[in-house]
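# Architecture at a glance
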Amino acid sequence: MDTNGMTAAGPAVATAVTTVTAASGTRYPVAPGHRLNVRSGPGTQYPVVRSLPLGATVAISCQKYGEWVTGPYGTTRVWDAVAPGEYVSDSYVRTGSDGFVAPRCA
């Protein structure tokens with residue numbers, strides 16, 4: 001596991017796709033080959049509350065600035081809320097944008 005809370009994928013295995021939905025219904029894929037840790041706040045210093053499996057998609061309810069993280073989709077300090085009190089770094093989510101794609105979290 002690296003400092004971003006990520007683990008690299010091992011050998012290819014069949015996994016179920018986990019989807020976290022929000023009111024918008026738009027889902028975004030997590031970077032291929034990554035099991036993404038979901039944290040209680042917008043930074044790696046926050047505890048991991050769960051991990052998303054390979055092939056997961058997420059719905060982003062809101063976004064906020066937090067710790068800078070470098071991932072497959074660049075370096076950003078944008079964090080995506082995927083459930084109440086649950087955040088993932090936007091650098092591991094393919095949103096198609098370097099900016100916000102959802103409202104800012106309160």
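Heads up: the structure comes first, above all this text.
Here the structure is a predicted model, which is why all the values come from computation and not from measurement.

Within the protein chain, the regular secondary structure consists of zero helices and nine strands. Along the protein chain, from the amino end to the carboxyl end, the secondary structure elements read β-β-β-β-β-β-β-β-β. Put simply, the protein chain has 106 residues, and 41% of those count as buried. Partitioning the contacts of the protein chain with sequence separation of at least 6, the portion at a separation of at least 24 is 57%. Of the roughly 5,400 Å² of accessible surface on the protein chain, 54% is carried by carbon and sulfur atoms.

Moving on, we come to the pattern of salt bridges. As enumerated under the stated definition, the model contains one salt bridge in all. Residue Arg50 pairs with Glu86 through a salt bridge whose shortest N-O separation is 2.7 Å. Taken as a pair, Arg50 in strand E5 (residues 48-52) and Glu86 in strand E9 (residues 86-89) lie far apart in primary sequence, 36 residues in all.

Rules used throughout
- Residues numbered from 1 in each chain as written.
- Predicted model: local features only at pLDDT ≥ 70, side-chain atom pairs only at ≥ 80, totals over all residues.
- Heavy atoms only, no water.
- Helix = DSSP H or I, 4+ residues; strand = E, 2+ residues; numbered from the N terminus.
- Buried < 20%, exposed > 50% of the residue type's maximum accessible area, 1.4 Å probe, protein only.
- Contact = heavy atoms within 4.5 Å.
- Areas by Shrake-Rupley, 256 points an atom, 1.4 Å probe, with all protein chains shown as cover.
- Salt bridge = Lys/Arg side-chain N within 4 Å of Asp/Glu carboxyl O.

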